[in-house]
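# Structural description and commentary
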Amino acid sequence: MEHKFKVGIYDEWTAQAKEGVQHQIKEILLSLKDVELEVLPDSGGVAVAEVIDNYDALVILNYQFTAESFKGLKRLSCIARWGVGFDRIDTQAATTAGVAVAITPPAVRRPVAEAIIAFVFALAKTILPLDKRTREGRWREGFSSTSIDIEGKTLGSIGLGNIGAEMARIARGVGLARVIAYDPFISQQQATPLGVTLVDFDTVFKESDFVCVNIPLTEKTTHLVSEREFSLMKPTAYFINTSRGPIVKETALINALKEKKIAGAGIDVFEQEPPAKDNPLFSLDNVVLAPHSIAWTQGIVVSNSQVAVNNVKEIYEGKCPKYLANPLVRENALFLEKIGRRKLGKQQIQKYIPPTFKGLKVNKILQNLSENKGTVGHMVWEFATRGIHRLVENAGVDFVLLDMEHSGFGIDKLSDLLSFFSGTDVTAVVRVPIPKDYTYIARIMDSGAQGIMAPNVKNPEEAKFVLDSMKYTPKGRRGLAFSRAHSQYLGPSDLKGFMEQANHNSVFIAQIESKEGVDNVEEIAAIDGVDVLWIGHFDLSSDLGIVGQFHHPIFMDAIKKVVAAGKKYNKGLGIQPNSALEAKEWINLGFNIVSWGADSVVYQNALMIGVDLLRSSLA
């Protein structure tokens, strides 16, 4: 290693946030070899290139980075922002300088979404005026309520990204009749599962009873909401901003509130922060205000700190953080050179190159691993029949697990299923017990499978056997059937190219489902060609003697060992969670490939929801 991995911390935290960051640094970073921590020298709140280039990574809250801050940088690889706002960082200059600007979307998603809904209720139920009335000793004398019901109302959002999507999920459960949104980067296909209807920009303001802002502050979004937009709103509607103050022209908002052009507002962010003491918003009784902290919960302090510090750890390990404000930095030669110095001798994920030969299609698992993206799949075994491919594709999943182990269907049935999926963008992986005859796996691959999931891999020898069976020579012993060779054959180099692409395009998922597998997981992960370590949590807990106890210390120790091996050798980490809440727990532990339930469970739950809706309509 050329030098110690040096992390600079800008000392700008509240006491609560500082405690959270320090704890996570101690837990995550200080246990690593050759990590040095230092408080950044004070430079008036604006980063100075000569100072920040003494560090490999920075952890900051509101520190400002101008174009000048990035000039001549050679060492700094990452700015880990505690939060998601990056309007004080020149991200274009950061990209040019090969510096990743890492943010924390998973940490803020739920707290900010809840904050928006809290504003909705506070405004609808006139909480502040009622509180004031009670404190002044006025009871119900002459009382005339201006509160409204949430039920039947429309919530509108400018932006349907990380926070907007979570807000929509919550809104569906509290009685809001309709959620509409404007977001040019989202398709209706993506919005529909959230219960959201996409509309144009003006319609959000015209038709919503509550309008909220869920977009980042950029040059283009500054004063995006001004006099014109407030004039479109209904006089009974409310405006909510938890994003960034300058997105809204504050004088226009104040006038709209004073002139009763809108009913009220919930404001957590201001055009100038902190706002002046004589800010006119402070004197209005139809606005609920917060000091850019309504989402600042105890939970967000922990999770923001975890994600921010883990972003630094990714750089330490020679990897690119998942959550970036400047994703183009992933292709920047300077950045790649910097993190290349941090490889620490670990295997690297090979860049995925889409296949060009007929009969081969993109493997989404491998592609997403190469691009550091999460991957979602679905397991099929009871409903392995014609038409299943359309259901899976329309649901938008990346891959399907065709489970031969539990379903009992044979090669002929599998061939039919694989032919169905061949016409879709869904990557088809087959789950098959480890056989003694390599030709069994080879036949499955010849039938059109794009990969193999091998259950209960206990040792490196078993993993190597599967790889040997599924890969063409020289990677393995699988031969190219004469019929296929003939149909593909254009010449020796062409045939060789086909086999190379097929090998590169096939994914191997090793399931770790036993204590022996956990004990040997590092040796399994070290094998070139093992792409994903997949936890079979029920079988693993059973083998550990703690059936179904997924938070038991013994189970969690096993999980940590698998995760550590996966990260050390840059392998994907997969699991099939039982719920969305459980999925978040696994993802927070480092899992990036999840399969949504066995088919029978998913379809039964969907049917139950439909039946319940019908019964309630008939009641």
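Up top is the structure.
Residues numbered from 1 in each chain as written. Predicted model: local features only at pLDDT ≥ 70, side-chain atom pairs only at ≥ 80, totals over all residues. Heavy atoms only, no water.

Our next topic: the overall build of the chain. Broken down by element type, the chain carries 26 helices and 20 strands. Summarising its shape, the C-alpha atoms of the chain cover approximately 85 × 70 × 55 Å along the three principal directions. Burial statistics for the chain: of 619 residues in total, 51% are counted as buried. The contacts in the chain between residues at least 6 apart in sequence include a share of 66% that link residues at least 24 apart. Total accessible area on the chain stands at roughly 29100 Å², and carbon and sulfur atoms take up 54% of it. Averaging the coordinates of the 68 positive side-chain charges in the chain and doing the same for the 71 negative ones gives two points 1 Å apart. (Helix = DSSP H or I, 4+ residues; strand = E, 2+ residues; numbered from the N terminus. Buried < 20%, exposed > 50% of the residue type's maximum accessible area, 1.4 Å probe, protein only. Contact = heavy atoms within 4.5 Å. Areas by Shrake-Rupley, 256 points an atom, 1.4 Å probe, with all protein chains shown as cover. Lys, Arg positive; Asp, Glu negative; His and termini not counted. Charge placed at Lys NZ, Arg CZ, Asp CG, Glu CD.)

Helix packing for two helices is described by the angle between their axes and how far apart those axes are. Put simply, helix α16 (residues 411-422) and helix α17 (residues 438-446) touch, their axes get as near as 9 Å, and they point 30 degrees apart. Judged on the interaxial angle alone, α17 and α16 are roughly parallel. Between α16 and α17, the contacting residues are I411, L414 and L418 on the first element and Y440, R443 and I444 on the second. Broken down by class, the residue content of the contact of α16 with α17 amounts to five nonpolar, no polar and one charged. (Axes fitted to C-alpha atoms, helices over the stretch in contact; angles between N-to-C directions. Parallel < 35°, antiparallel > 145°, perpendicular 65-115°, else oblique. Nonpolar A, V, L, I, M, F, W, Y, C, P; charged D, E, K, R; others polar.)

Each turn of an α-helix holds 3.6 residues, which means side chains three or four residues apart point in the same direction. Those residues of helix α12 (residues 333-340) lying buried are F335, K338 and I339. The arc that holds the buried residues of α12, viewed along the axis, is 90 degrees, so those residues lie on one side. Buried-residue contacts for α12 involve β5 (100-102) and α11 (298-316). The N-cap residue of α12 is N332: its side-chain oxygen and the backbone nitrogen of L334 are 2.9 Å apart. (Arc of directions from axis to C-beta. Polar contact = N/O pair within 3.5 Å; in protein donor to acceptor, adjacent residues only side chain to side chain.)

Turning our attention to the sheet that holds strand β2 (residues 35-39). Strand order in the open sheet formed by five strands is β2-β1-β3-β4-β5, with parallel pairing between adjacent strands. Either end of the sheet is taken by a strand with one partner, and the two such strands are β2 and β5. Pairwise comparison of adjacent strand axes, ignoring direction, gives a mean angle of 20 degrees for this sheet. (Pairing = 2+ DSSP bridges.)

In this section: the pairing of strand β6 (residues 154-158). By the criterion of burial, β6 is predominantly enclosed, with five of the five residues buried. Here β6 shows two buried faces, one formed by T154, G156 and I158 and the other by L155 and S157. Pairing between β6 and strand β7 (residues 178-182): five bridges, direction parallel. Among the inter-strand pairings, L155 is bridged to a residue of β7, identified as V179.

What follows concerns the side chain of S305. Inspection of the secondary structure puts S305 in helix α11. On the accessibility criterion, S305 (0% relative accessible area) is buried. There is a polar contact of 3.0 Å between the side chain of S305 and the side chain of W82. With residues near it in sequence (within four places) discarded, S305 still touches A17, G20, V21, Q24, W82 and I300.

On to the pattern of salt bridges, then. With the rule as written, the count across this model stands at 27 salt bridges. The partner of E114 in a salt bridge is R110, with the nearest N and O atoms 3.0 Å apart. Placement of both E114 and R110 in helix α4 (residues 105-124) is noted, with a separation of four residues, approximately one turn of the helix. With a relative accessible area of 38%, R110 lands in the partly exposed category. In this structure, the salt-bridge partner of D131 is R135, at a minimum N-O distance of 2.7 Å. You can see D131 and its partner R135 sitting in helix α5 (residues 127-135), four residues apart, about one turn around the helix. Classification of R135 by relative accessible area gives exposed; the value is 69%. Through salt bridges with shared partners, a single network forms among R110, E114, E166, R169 and K584. (Salt bridge = Lys/Arg side-chain N within 4 Å of Asp/Glu carboxyl O.)

Put simply, E273 and P274 share a cis peptide bond, and its omega is -5 degrees. With respect to the helices and strands, the residue P274 is situated in the loop between β11 (264-267) and β12 (287-289). In this structure, the amide linkage connecting T473 to the following residue, P474, adopts the cis form with an omega of 10 degrees. Here P474 is to be found in the loop between α18 (460-470) and α19 (482-488). The residue H223 is not glycine, and still its phi comes out positive at about 55 degrees. Tracing the sequence through the fold places H223 in the loop between β9 (210-213) and α9 (227-232). Classification of H223 by relative accessible area gives partly exposed; the value is 34%. You will see that N456, though not glycine, has its phi angle at about 50 degrees, which is positive. On the secondary structure map, N456 appears in the loop between β16 (451-454) and α18.

Before going further, it helps to spend a moment on empty space enclosed by the protein. Under the defined criterion, the tally for this structure stands at two cavities of 30 Å³ or more. Space inside the second largest cavity adds up to approximately 60 Å³. Lining the second largest cavity, in full, are F239, N241, G245, V248, E250, L253, I267, V269 and L281. For the lining of the second largest cavity, the elements supplying multiple residues, two or more each, are β10 (238-241) and α10 (250-258). Grouping the constituent residues of the lining of the second largest cavity by class yields six nonpolar, two polar and one charged. (1 Å grid on protein atoms, 1.4 Å probe; cavity = no way out; pocket = protein on both sides within 12 Å on 5 of 7 lines; lining within 4 Å. Points joined across faces, edges and corners; volume = space filled by probe spheres on them.)

On to the environment of K6. The residue K6 is located in strand β1 (residues 5-9) in this model. For K6 and N54, which are 48 residues apart along the polypeptide, the C-alpha to C-alpha distance reads 7.7 Å. Contacts of K6, omitting those with residues within four sequence positions, involve E36, E38, N54, Y55, D56, A57 and R75.

Below, the discussion takes up the packing of α4 against α11. One way to put it is that α4 packs onto α11 with a least axis distance of 8 Å and a crossing angle of 160 degrees. The angle between the axes of α4 and α11 places the two elements in the roughly antiparallel class. The chirality of how α4 crosses α11 is left-handed. Facing α4, whose interface residues are P106, A107, V108 and P111, α11 presents I300, S303, N304 and V307. Split by residue class, the contact of α4 with α11 holds six nonpolar, two polar and no charged. (Left-handed = near helix turned anticlockwise from the far one by under 90°.)

This part covers the packing of aromatic side chains. Across all of its chains, the model carries 15 aromatic pairs by this definition. A centroid spacing of 4.0 Å and a plane angle of 25 degrees characterise the contact between Y10 and Y63, whose relative ring orientation is stacked. In this pair, Y10 sits in the loop between β1 and α1 (15-29) while Y63 sits in the loop between β3 (57-60) and β4 (78-81), placing the two residues 53 residues apart along the sequence. The same class applies to Y10 as to Y63, namely buried. With a centroid separation of 5.3 Å and 80 degrees between ring planes, the pair formed by W586 and F591 is classed as edge-to-face. (Phe/Tyr/Trp six-rings, centres within 6.5 Å; stacked < 30°, edge-to-face > 60°.)

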